[in-house]
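Listed here are the chains, written in short residue letters.
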Amino acid sequence: MIKKLGFAVLAAFVMAGTASADLILTGILDGPLTNGTPKAIELYATADIPDLSIYGVELVSNAGSSAGVVETAFSGSLLAGDYYYVASEAPNFTSVFGFAPDLITGDVGHNGDDDLYIYENGVLHDVWSGSDGVDNTGTTTDILDSWAYRVDNTGPSTTFDASEWTITEPNSLDGLDAAGTNAAVPFGTFTAAAIPEPSSIALLGLIGLAGATRRRK
Ligand SMILES: [Ca+2]
Ligand SMILES: [Ca+2]
Ligand SMILES: [Ca+2]
């Protein structure tokens, strides 16, 4: 009985740990190459994610408002510390970064004045800009021909917080070629602290204490 209770608590903790397996939106790029490419987003896994299809993206253009639904689901799997790249096309993304995007979809085909919403199991999970009803042109999240990158150890957040982002001025990438764009954009540098160990150690201690208390009765 005691062992079963301990196992149930431990299993609940392990499941909670799995649920906290997280994907963070870390980068947005509106590139300077042909047709404003590469247009891409970067995401980062803070834990192993065996099935990425529980996550997806919605692009809300200009002064539109979020419909609250995934337009394109992600696919594949990630290990903790992996990045995931979604682009509007492959050739120019590949020429800039030296590897192909993981997923190609028009739903990252923003042009610097748009909002991006990331969902987990259909629930809002992370957001870029989130200015429903407002075109971002001329606002703090105007990244026309430019980029934004998440500050280390922040996110995900369902409420946009500009202090969690490095946001460049519009047209900061104007005139750059693929190599110049690669040098200017910090994709692949985000870091996040590992899932803290102390809480799990403390919880295991509590389980042991609960077991010991019950045994005395
Ligand atoms: Ca737009
Ligand atoms: Ca908007
Ligand atoms: Ca420009």
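Definitions and limits used
Residues numbered from 1 in each chain as written. Chains lettered and ligands numbered in written order. Predicted model: local features only at pLDDT ≥ 70, side-chain atom pairs only at ≥ 80, totals over all residues. Buried ≥ 20, exposed ≤ 12 C-beta atoms within 10 Å, placed from the backbone. Helix = DSSP H or I, 4+ residues; strand = E, 2+ residues; numbered from the N terminus. Pairing = 2+ DSSP bridges. pLDDT = per-residue confidence, 0-100. Contact = placed C-beta atoms within 7 Å. Core = buried A, V, L, I, M, F, W, Y, C linked by C-beta atoms within 7 Å.

K.L.:
Explain the pairing of strand S2 (residues 37-45) here, please?
P.N.:
Put simply, side chains in a regular strand alternate between the two faces of the sheet. Across the 9 residues of S2, 9 count as buried, placing the element largely inside the fold. When strand S1 (residues 23-33) meets S2, the two strands line up antiparallel, connected through 8 bridges. Note on S2: the bridge partner recorded for Leu33 is Thr37. As defined by bridge partners, S2 adjoins strand S5 (residues 83-87) across 5 bridges and the pair is classed as antiparallel. Paired with Glu42 across the two strands is Tyr85, which belongs to S5.

K.L.:
What is the right way to read the pairing of strand S7 (residues 115-120) from this model?
P.N.:
For S7, the buried fraction is high: 5 of the 6 residues fall into the buried class. In this structure, strand S3 (residues 55-60) lies alongside S7, joined through 6 bridges in antiparallel fashion. Among the inter-strand pairings, Leu59 is bridged to a residue of S7, identified as Leu116. Alignment of S7 against strand S8 (residues 123-128), held across 5 bridges, turns out to be antiparallel. When the sheet's bridge partners are listed, Glu120 is paired in S8 with Val123. Linkage of S7 to S8, two consecutive antiparallel strands, is achieved through a turn of 2 residues, within which Asn121 is found at a positive phi near 50°.

K.L.:
What is the right way to look at the confidence of the model for the protein chain in this model?
P.N.:
Note that predicted coordinates carrying low pLDDT should not be read in detail. On average, residues of the protein chain carry a pLDDT of 88, and 79% of them reach 70 or more. Every residue in residues 7-19 scores below 50 in pLDDT, and together they form 4 contacts with partners more than four places removed in sequence or on other chains.

K.L.:
What is the right way to read the nonpolar core from this model?
P.N.:
A general trend in soluble globular proteins is that nonpolar side chains are found buried together. With 40 residues, the main nonpolar core has Ile28, Ala40, Ile41, Val57, Val86, Leu116 and Ile118 as its most contacted residues. Broken down by secondary-structure element, the contributors of at least two residues to this core are S1, S2, S3, S5, helix H2 (91-97), S7, S8 and strand S9 (147-150). Beyond its immediate stretch of four places on either side in the chain, Leu116 contacts Leu25, Ile28, Ile41, Val57, Leu59, His110 and Trp128.

K.L.:
Looking at this structure, I do not really get the environment of Ile54. What am I missing?
P.N.:
By the element assignment, Ile54 lies in the loop between S2 and S3. For the pair formed by Ile54 and Ala73, sequence separation is 19 residues and the distance between their alpha carbons is 7.3 Å. For Ile54, the residues in contact, after removing those within four places along its chain, are Glu120 and Asn121.

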